[in-house]
Amino acid sequence: MFLRVGLLVASVVLMVTGLWAGVVRIGWALPAGGLASLHGPMMVAAFFGSLISLERAVGLGKAWTYIGPTLMTIGGLAFLFHADLRWIMLIMLAGGAFYVAIAAYIYKLQPADFTFAMGLGAVALFIGDIFWTLGSAPQIISLWWMAFIVFIVTGERLELSRFLPKPKLAIDAIVVVILVGLLGLLILPWQLDLGARIVGLSFALQAIWLLRYDIAWLNARHREGVHKFMGISLLGGYIWLLLGGLWLMLAHLPPAGPGYDAPLHAVFVGFTFAMVYGHAPVIFPAVLRLKIRFHKLMYNPLWVMHIALVARILGDIYGSTPLRMWGGLFNGLSAVIYFTVAMLVTLFGPEGTEDSGQ
């Protein structure tokens, strides 16, 4: 219990620190202690890597499965103490390797399309970590790390939606689409432009599939409450994934600049944090054994995130530095506001709240 809670608290610290580094990276003159350039690894390899692998470890309940999230958390916290980057990379690699072992073990226990997709997500994180360690092109690292999140979410939604009636062809199609994305990733070192476009096509098709077949539509049709919030959060995220995928497909991914920033954050902010907000009422009770209460105030940071991301991307398109900076700032603030509201509602339970349903 103490390890589980400690790892979750540490992951929140990593999230806040990584968001702060991102705000500095986008141009705000705030103290960051040299962490601005490490914003990406802190958010993906450290925060999301440790959080998602922790969720898997809690679900399995086996001691060895905590090694992966523990190593990734240690590596992430080492960023804050300015440890030697080479050692941090090795720690992250070891944590990623254990996460792949967890995913393989889960697939062995339950061979299915959704455990296959989630397993590929774990592999994508690990390979992205390898490319990061090798100092590869930022596009290669980013696309593998994006695939980590996208494959994981697609797998999770496949699992949660598996009892909804759907043609067998639809299941076969999503597996093929994921494998197309894997093909694009594999050719990145030799055909970066083509590989990025193929990955973008895969992301866009996964988004279309999720918009068509995911159970989020049923949740969004609730009159009110946490299930409606979860459905709306997820559907908004799928739209951002579609936009990010289309951008990659049509314009590939340059090494820097607005053309890099926009599709990257469409996926890592619009899609990923919509998933975080929507799944938090499920993930945190599972990890903490604590019911998270819901309040309609939790919609506010969700809207802030969407509006701020639109501003950021418009800033990319029209070359407006103020729009990019303010959009980036409020993207970070929306996450802090969301978790602050969730914590206060859960602890003090004002009238109008409801249990998460877990």
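Here is what the cut-offs are and how they apply
- Residues numbered from 1 in each chain as written.
- Predicted model: local features only at pLDDT ≥ 70, side-chain atom pairs only at ≥ 80, totals over all residues.
- Heavy atoms only, no water.
- Salt bridge = Lys/Arg side-chain N within 4 Å of Asp/Glu carboxyl O.
- Helix = DSSP H or I, 4+ residues; strand = E, 2+ residues; numbered from the N terminus.
- Buried < 20%, exposed > 50% of the residue type's maximum accessible area, 1.4 Å probe, protein only.
- Contact = heavy atoms within 4.5 Å.
- Phe/Tyr/Trp six-rings, centres within 6.5 Å; stacked < 30°, edge-to-face > 60°.
- Core = buried A, V, L, I, M, F, W, Y, C linked by side-chain atoms within 4.5 Å.
- Expected span 1.5 Å × (residues − 1).
- Axes fitted to C-alpha atoms, helices over the stretch in contact; angles between N-to-C directions.
- Parallel < 35°, antiparallel > 145°, perpendicular 65-115°, else oblique.
- Left-handed = near helix turned anticlockwise from the far one by under 90°.
- Nonpolar A, V, L, I, M, F, W, Y, C, P; charged D, E, K, R; others polar.

Student: Would you mind going over the pattern of salt bridges in detail, with residue names and values included?
Tutor: Applying the stated rule across the entire model yields nine salt bridges. Note that Glu156 is salt-bridged to Arg56, the shortest N-O span being 3.0 Å. Of the two residues, Glu156 is situated in helix α6 (residues 138–160) and Arg56 in helix α2 (residues 39–60); the sequence distance between them amounts to 100 residues. The two residues Glu156 and Arg56 agree in class, both being buried. In this structure, Lys168 and Asp172 form a salt bridge, with 3.0 Å as the shortest nitrogen-oxygen distance.

Student: Provide a residue-level description of the side chain of Gln206, including the pertinent values.
Tutor: With respect to the secondary-structure elements, Gln206 resides in helix α8 (residues 192–213). Among residues more than four places away in sequence, those in contact with Gln206 are Val150, Phe151, Thr154, Ile174, Val177 and Ile178.

Student: Please set out the packing of aromatic side chains residue by residue, giving values where relevant.
Tutor: Scanning the entire structure with this criterion turns up 18 aromatic pairs. Here the aromatic rings of Tyr277 and Tyr338 are separated by 4.4 Å at their centres, their planes lie at 15 degrees, and the arrangement is stacked. In this pair, Tyr277 sits in helix α11 (residues 258–288) while Tyr338 sits in helix α13 (residues 321–348), placing the two residues 61 residues apart along the sequence. Each member of the pair, Tyr277 together with Tyr338, is buried. Ring geometry for Tyr299 and Trp303: centres 5.8 Å apart, planes at 20 degrees, overall stacked. Of this pair, Tyr299 and Trp303 both sit in helix α12 (residues 299–318), four residues apart, which is roughly one turn of the helix. With relative accessibility at 14%, the residue Tyr299 sits in the buried group. For Trp303, a relative accessible area of 39% puts it in the partly exposed group. Here the aromatic cluster, defined as three or more aromatic residues joined through ring pairs, consists of Phe47, Phe48, Phe229, Phe273, Tyr277, Phe294, Tyr299, Trp303, Tyr338 and Phe339.

Student: Kindly report on the nonpolar core, identifying the contributing residues and their values.
Tutor: Core analysis: the largest hydrophobic core is formed by 106 residues, its most contacted members being Phe79, Tyr99, Leu143, Phe148, Phe271, Phe273 and Tyr277. When residues no more than four places from it in sequence are discounted, the contact partners of Phe148 are Val44, Phe48, Gly49, Ile52, Tyr99, Gly121, Ala124 and Leu125.

Student: Lay out the environment of Glu159 with the relevant residues and their values.
Tutor: Summarising the element assignment, Glu159 is placed in helix α6. Not counting chain neighbours up to four residues away, the residues in contact with Glu159 comprise Phe114 and Met118.

Student: I'd like to hear about α12, residue by residue, with values.
Tutor: Every α-helix carries 3.6 residues per turn, so stepping three or four residues along brings you back to the same face. Taking 1.5 Å of rise per residue, 20 residues should cover 28 Å, and α12 covers 29 Å from first to last C-alpha, within 8% of that figure. Here α12 has its buried residues at Tyr299, Pro301, Leu302, Met305, His306, Ala308, Leu309, Ala311, Arg312, Ile313, Gly315 and Asp316. A positive backbone phi angle near 65 degrees is found at Gly319, which sits one or two residues after α12.

Student: Can you lay out the packing of α2 against helix α5 (residues 113–133) for me, pointing to particular residues and giving the numbers?
Tutor: Between α2 and α5, the least distance of the axes is 12 Å, while the angle of their chain directions is 150 degrees. On the basis of their axis angle, the class for α2 and α5 is roughly antiparallel. Every pair of crossing elements has a handedness; the one defined by α2 and α5 is left-handed. Between α2, through Pro41, Val44, Ala45, Gly49 and Arg56, and α5, the contact on the second element is made entirely by Met118, Leu125, Asp129 and Trp132. For the contact of α2 with α5, the per-class residue count stands at six nonpolar, one polar and two charged.

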